[in-house]
Amino acid sequence: KAGVTQTPRYLIKTRGQQVTLSCSPISGHRSVSWYQQTPGQGLQFLFEYFSETQRNKGNFPGRFSGRQFSNSRSEMNVSTLELGDSALYLCASSLMGNTEAFFGQGTRLTVV
Amino acid sequence: AQKVTQAQTEISVVEKEDVTLDCVYETRDTTYYLFWYKQPPSGELVFLIRRNSFDEQNEISGRYSWNFQKSTSSFNFTITASQVVDSAVYFCALSETYGGATNKLIFGTGTLLAVQP
């Protein structure tokens, strides 16, 4: 059974640009969550999608957005990138609520 | 407010030693779930265990064991006879249910475990 796939694995962007990250969950999983991991703030929840609807949202500015498609694949977008957005972005796939979350290898975003 | 505290930032042990990683949580919820994840240098978070708030039985899986004590709001993780491959950052996490089913995880700051040969 294939795991969670995140693309791309590494990304370098310039301040002010925008970026789109992709996540393909485990087959059959309908919930996709996104997290930002930085040395200073640790692992922070961005948002969760379930059956194409945003079910939960963390405390991030509106520059961070996401969506989920009918095949459960999800994308997150960050607009007007800032240096502080440099982080490892992790996607997690779950079957339903409050169940085990399986993580992808992450996308390491560097903003210069 | 919900919170997970892992007071141990770094632990260093010699192979074959036992080691316990502490986790203390805060929640208003009566039904909640606790998790442990391992993050090796590759970056991927590896699921280790999920425990619901009504199940206080300790669990053992090979060299791993977990002690859940609701009275002290703790969910500690013990590795017996540690090995170099256990070296990683370990995260404890909390998931609540009061707002409805969710997979939102609140993570602790993690404990870096270094197992020396």
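Refer to the structure printed above.
Here the structure is a predicted model, which is why all the values come from computation and not from measurement.

Chemist: How would you sum up the overall build of chain A? Please name residues and give values.
Modeler: From N to C terminus, chain A includes zero helices and 11 strands. A compact globule built from 112 residues should have a C-alpha radius of gyration of about 13 Å, and chain A, at 13 Å, falls within 12% of that. When the backbone C-alpha atoms are referred to their principal axes, chain A occupies close to 35 × 25 × 25 Å. Relative to its full complement of 112 residues, chain A shows a buried share of 51%. A separation of at least 24 residues holds for 53% of the contacts in chain A among residues at least 6 apart in sequence. Total accessible area on chain A is roughly 5200 Å²; 49% of this is exposed by carbon and sulfur atoms.

Chemist: Residue-level account of the packing of aromatic side chains, with values.
Modeler: Aromatic ring pairs: the centre-centre distance and the angle between the two ring planes describe each pair. Overall, the coordinates contain 20 aromatic pairs over all chains when judged by the stated rule. Relative to Tyr37 of chain B, the ring of Phe103 of chain A has its centre 5.3 Å away and its plane inclined at 85°; by these criteria the two rings are edge-to-face. One end of the pair, Phe103 of chain A, is in strand S10 (residues 102-103); the other, Tyr37 of chain B, is in strand S5 (residues 32-39), on a second chain. Judged on exposure class, the residue Phe103 of chain A and its partner Tyr37 of chain B are both buried. With centroids separated by 5.8 Å and ring planes inclined at 80°, the aromatic side chains of Phe68 of chain B and Phe75 of chain B adopt a geometry described as edge-to-face.

Chemist: How would you summarise the environment of Ala88 of chain B if you had to cite specific residues and measurements?
Modeler: Residue and element names in this part refer to chain B. Mapped onto the elements of the fold, Ala88 is located in strand S10 (residues 88-96). Its relative accessible area of 4% is what places Ala88 among the buried residues. The spacing of Ala88 and Gly110 is 22 residues in sequence and 9.8 Å in space, taken between C-alpha atoms. Not counting chain neighbours up to four residues away, the residues in contact with Ala88 comprise Lys38, Gln39, Pro40, Thr111, Leu112 and Leu113.

Chemist: Give a detailed account of the sheet that holds strand S8 (residues 74-78) of chain A, specifying residues and quantitative values.
Modeler: Residue and element names in this part refer to chain A. Sheet architecture is open: four strands sit in the order S1-S3-S8-S7, paired in antiparallel fashion. The sheet terminates laterally at strand S1 (5-7) and strand S7 (64-68), the two strands that pair on one side only. Neighbour to neighbour, the strand axes of the sheet diverge by 15° on average, direction disregarded. Looking at chain direction, S1 and strand S3 (residues 19-24) are connected through three bridges and run antiparallel. For Gln6, the partnering residue across the bridge sits in S3 and is Cys23.

Chemist: Which residues make up the side chain of Thr111 of chain B, and what are the values?
Modeler: Residue and element names in this part refer to chain B. Note on placement: Thr111 falls in strand S12 (residues 111-116). A relative accessible area of 0% means that Thr111 is categorised as buried. When near neighbours in sequence (up to four residues on either side) are disregarded, Thr111 contacts Gln6, Gln8, Thr9, Ile11, Leu21, Ala88, Val89 and Tyr90.

Chemist: Any chance you could break down the nonpolar core for me, citing the residues and the numbers?
Modeler: Residue and element names in this part refer to chain B. Judged by nonpolar contacts, the single largest core of 25 residues is most densely connected at Trp36, Trp66, Phe77, Tyr90 and Leu113. At the level of secondary structure, the elements contributing two or more residues to this core comprise strand S2 (10-14), strand S3 (19-21), S5, strand S6 (46-52), strand S8 (64-69), strand S9 (74-79), S10 and S12. No other element matches the four residues that S10 contributes to this core. Setting aside residues up to four positions removed in sequence, Leu113 forms contacts with Ile11, Val13, Val19, Ile79, Asp86, Ser87, Ala88 and Tyr90.

Chemist: Just give me the short version of the interface of chain B and chain A, but keep the residues and values in it.
Modeler: Residue-level contacts link 20 residues of chain B with 23 residues of chain A. Both faces combined, the contact of chain B with chain A buries some 1800 Å², and carbon together with sulfur accounts for 51% of it. In this structure, the connection of chain B to chain A is made through zero salt bridges. Across the contact surface, chain B and chain A share seven residue pairs in polar contact (both at pLDDT 80 or more). Looking at the side of chain B that touches chain A, the elements that each hand over two or more residues are S5, S6 and S10 of chain B. Ranked by residues supplied to the side of chain B that touches chain A, first place goes to S5 of chain B with four residues.

What counts as what
- Residues numbered from 1 in each chain as written.
- Chains lettered and ligands numbered in written order.
- Predicted model: local features only at pLDDT ≥ 70, side-chain atom pairs only at ≥ 80, totals over all residues.
- Heavy atoms only, no water.
- Helix = DSSP H or I, 4+ residues; strand = E, 2+ residues; numbered from the N terminus.
- Rg over C-alpha atoms; globule rule 2.2 N^0.38 Å.
- Buried < 20%, exposed > 50% of the residue type's maximum accessible area, 1.4 Å probe, protein only.
- Contact = heavy atoms within 4.5 Å.
- Areas by Shrake-Rupley, 256 points an atom, 1.4 Å probe, with all protein chains shown as cover.
- Phe/Tyr/Trp six-rings, centres within 6.5 Å; stacked < 30°, edge-to-face > 60°.
- Pairing = 2+ DSSP bridges.
- Axes fitted to C-alpha atoms, helices over the stretch in contact; angles between N-to-C directions.
- Core = buried A, V, L, I, M, F, W, Y, C linked by side-chain atoms within 4.5 Å.
- Buried area = accessible area lost by both parts, 1.4 Å probe.
- Salt bridge = Lys/Arg side-chain N within 4 Å of Asp/Glu carboxyl O.
- Polar contact = N/O pair within 3.5 Å; in protein donor to acceptor, adjacent residues only side chain to side chain.

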